[in-house]
Amino acid sequence: MTFLALSPLQTVLLALLTTGLVVALYFLKLRHRRVLISSSILWLKVLDERQAHSLWEKLRKIISIIVAVTITLLIALSLARPEIESLTGKTERIVIVLDTSPTMTTQTADGRTRWQHAMDRAENLLDGGGPTTEFRVVDTSGVTSSAFTTDRNEARRLIEQMSPRSAEPQFPKVDGRDSRVYFVSDGVALHGVPSFVRRVSVFERAQNVGITAFEIRSIPSTPLGYEAYLEVQNYGNPAEVAITLSAPGGQRLSRSVRLAKGEIFKDAFDLSRFTGGGIRATIQSKDDALPLDDVAFAYLPIKRKTRTLLVTRGNNNLETLLKLDNYVELLKIDPANYRESSNIDAYIFDRFAPSTPPSRPALILGAPNAGWLRTSNGIVQKPEITTWSEDHPIMQFVSVHDVSIERAAQIDATNLTVVAASKQTPLILVSEKPRWVMLTFDLDSSDFAFHVGFPVFIENVLAWFSREQLALRRSPGVVEVPLANAQVRTIDGKTVPASQQLGKTIFEAAEPGLYVATQGENRVHVAVNLANRSFSDVNQSVFKDDRAAAGQRYWLRRELWFYMLLGAVVLIGVEWFTYHRRITL
Amino acid sequence: MSTATLSLFDDEFLKKLEYLNIISKRLFAGQLRAERRTRKRGTGLEFADYRAYVAGDDFRHLDWKAYLRLNRLILKLFEEEEDLPIYFFVDSSQSMNYGSPSKLDYARRVAAALAYIGLANLDRVNIVSFGNGIKGELPPQRGKGRIFKIFRFLTDMTAGGDTNAKESFKTYCTETRRRGLAVVISDFFDQHGFQTALDVLRHFRHDIFILHIASHEEIDPPLKGELQLVDSESQVGREITITPSLLAAYRAEFARYCESLESYCGKYQLGYVRTATDFPFEELVLKVFRQGRFLK
């Protein structure tokens, strides 16, 4: 037995003092009332018989003082906060880390989820600790991290508030030197666990078929043509899988495939019949244990014609190219007749530039002189394209390495994006605000217009100017959107709390879904999908069995002083009851 | 009626007492003529027997009718009627001064009533006050006119001292006494035991009648809590805690004590009546004693 509040010497002194005090008070009790009786013959006979024949009568005199001393000792010693390790456990710290990775939502054979089993295990750990044990509850998603507390109810409340999240889990920073750390997990998503951590497994094998990849991509050969790429993998027994792609307009593609154990289904779906908007891919299979990876989202840009004004003194190649584009409504005027119009989506200025910048995006061919454009510093003869960026949207599927250029203007590209350049001068420049694209050479002085990538380039530029973009692909968790001060909504129109950081908008996407970030006229779609093989493979656990590293269970749930005071109260009650019935003296 | 008489009982009660007579189971020889039958043959009114006439007999008692029928002189014998010595032993130890009314007051009234009955029947009434010996003694009284003397004696009787009935009775009886009816009025709280005391009276061949007086406080003590019980005679105290079980044990012990006294009396054919001080005194004398065949 140890004492938390007093030293052993102080405790002994306290016990002796209280015992002495009670004994002294016992003998200082009030004198008995004197009562005269006619004769004590019969009384003495009765008393002698009772004292002679009853052990209880012999003991009764000292029972009261024993009870009184016991009561005061219980109260006095409770002040010292005694602790008996075998009954209450020693004072220690326990950290319970709960795995909140997506795989914890996997259903088990009993119809519950691994997460529900994990909560039970965590409750067992809470129950197992002694009354002085301090608990800390942490999750792997970084949302919950409590301080150490002896209040089990508070710890329980925190556990009940936790839930599995689709974000990438991360083992929290915990100190194993002064505390015991338990990790309640299925061992699937988190592998890098420190060695001092005691694992409590909730792993149980399960059937799962999941979408491991889903995206919409454009078809290079077809203007505004898109296809959906889908990848489905079976992580359980052979299963029949029903695949459905659906759009808000009612368009629907369905397919049923049979997948063997571990087999991957990969295919591209033609979306030419889809008008655009959010595309939802779902799969259905028997005994699927993880619903999170049975759905995925993407965004298909809405198809509409771009009203384009070509300002040129004459460029047959370009004019023909634009006329043949089904998604371009072409208007052509001479530079002398140029006036800005409000119903134009994009301008193409061929060797001409207006004195004021247009209100709509523009493709400028050549390097005309205009106040809002960079001034030419000279002419570069036969520049060779040495660098170009394939990452920029206008350069997607465009190859310019073999384009021959007769001459190009020398331009200072400071604060502009260069997507293609020679050693001497930039050749293709991009301005974000105002949005324009400039070729520092005209089409007549190069063979770019005769290259196979030129129509694609024009298509990319017009798409970048006015058409919707494909959705950004992100995983659940914290999502960054390259759009400042944007308002984020779900595809259903519900607002999602977002914050701003370094010109980006950040929001929490707990579940897979399609989100829209809007800032003025700019709009960015974000497709958040689990689509992660390490999550879908719910049987890839590092736990070889599901044995739990259970904590030691103790008899008492509170500190010993509580039971001592309770005992004192009970003894006072018993003493009061027996004294008033003259059972004790 | 004197003040002493008034304090004991009223005239109405006295008139009722005159119709009563004390019964003695034995026949004792008296000294003076009176109304109580004896074994002697004498000049009483009650016919007793016949015997043949012998010279010197009083021929006034010859049965002349028998002589005419049998031609023999036959003498009629009559019972001699004499007085009965009645000894009232009244316990006046300190224990009798207990209860409300006190046992001594109750005993005084009973003794006075019985003495009056005896005097009314021309019996020889002796009153003895005893405790740890003979504390007082009233010489034999005869005739109703002596009742006031008895009243005075009883009224002057005071309680005190402890009890030693055996020595008291032995002292009294060893003096030359005539056998008679001994009425012992006491609570029988005697450290030396009641049997040996009553054995003394039996040894002297008295006809014994026991009146056992107990107070209500002794039968069912109204005690509770931590007490020091002090014996009124010895003044010795004892600290005890009165519990329900202890009270029950005391009541059982009291009942056992009374039963032992009653069984002793039954064994030796002694008259026994037990009464409590809260029992109506007149009812005790007029009904209970008659039912107990002590009075008729």
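Residues numbered from 1 in each chain as written. Chains lettered and ligands numbered in written order. Predicted model: local features only at pLDDT ≥ 70, side-chain atom pairs only at ≥ 80, totals over all residues. Heavy atoms only, no water.

Draft legend 1. Structural detail: the overall build of chain B. Summing up its helical and strand segments, chain B has 10 helices and 10 strands in all. Counting every position in chain B, which comprises 296 residues, the buried fraction comes to 53%. Taking all contacts inside chain B whose residues are at least 6 apart in sequence as the whole, residues at least 24 apart take part in 76%. By element, 49% of the accessible surface of chain B is carried by carbon and sulfur atoms, the whole surface being about 14,000 Å². (Helix = DSSP H or I, 4+ residues; strand = E, 2+ residues; numbered from the N terminus. Buried < 20%, exposed > 50% of the residue type's maximum accessible area, 1.4 Å probe, protein only. Contact = heavy atoms within 4.5 Å. Areas by Shrake-Rupley, 256 points an atom, 1.4 Å probe, with all protein chains shown as cover.)

Draft legend 2. Quick peek at the overall build of chain A. Helix and strand counts for chain A come out as 10 helices and 32 strands. Evaluated residue by residue, chain A yields a buried proportion of 50% over its 585 residues. In chain A, 65% of the contacts between residues at least 6 apart in sequence involve partners at least 24 apart. With the model as given, the accessible surface of chain A reaches about 29,100 Å², and the carbon-plus-sulfur share is 53%.

Draft legend 3. Structural view of the interface of chain B and chain A. Between chain B and chain A, the residue contacts involve 36 residues of the former and 25 residues of the latter. Both faces considered, chain B and chain A share a buried interface measuring about 3,000 Å² in area, 62% of it formed by carbon and sulfur atoms. When the buried area of chain B at its contact with chain A is split by residue, B:Glu226, B:Arg238 and B:Glu253 rank highest and sum to 20% of it. Linking chain B with chain A are one salt bridge. When the shortest N-O distance is used, the salt bridge between A:Lys45 and B:Glu253 registers 3.3 Å. Counting every contact that joins chain B to chain A gives 12 residue pairs in polar contact (both at pLDDT 80 or more). Mapped by element, the contributors of at least two residues to the side of chain B that touches chain A are β8 (225-231), β9 (237-242) and α9 (244-267) of chain B. A per-class count over the side of chain B that touches chain A returns 16 nonpolar, nine polar and 11 charged. (Buried area = accessible area lost by both parts, 1.4 Å probe. Salt bridge = Lys/Arg side-chain N within 4 Å of Asp/Glu carboxyl O. Polar contact = N/O pair within 3.5 Å; in protein donor to acceptor, adjacent residues only side chain to side chain. Nonpolar A, V, L, I, M, F, W, Y, C, P; charged D, E, K, R; others polar.)

Draft legend 4. Spatial organisation of the sheet that holds strand β5 (residues 134-141) of chain B. Residues and elements named next belong to chain B. The strand order across the open sheet formed by six strands is β5-β4-β3-β6-β7-β10, and the pairing between neighbours is mixed. Two strands lie at the open edges of the sheet, namely β5 and β10 (271-276), each paired on one side alone. Neighbour-to-neighbour, the strand axes of the sheet open up by a mean angle of 15°, direction not taken into account. Across six bridges, the pairing between strand β6 (residues 181-186) and strand β7 (residues 207-214) is parallel. Following the sheet pairing, Val184 is matched in β7 by Ile210. On top of the sheet, helix α7 (residues 194-203) reaches β3 (85-91), β6 and β7; it is set at about 155° to β7, its chief contact. (Pairing = 2+ DSSP bridges. Axes fitted to C-alpha atoms, helices over the stretch in contact; angles between N-to-C directions.)

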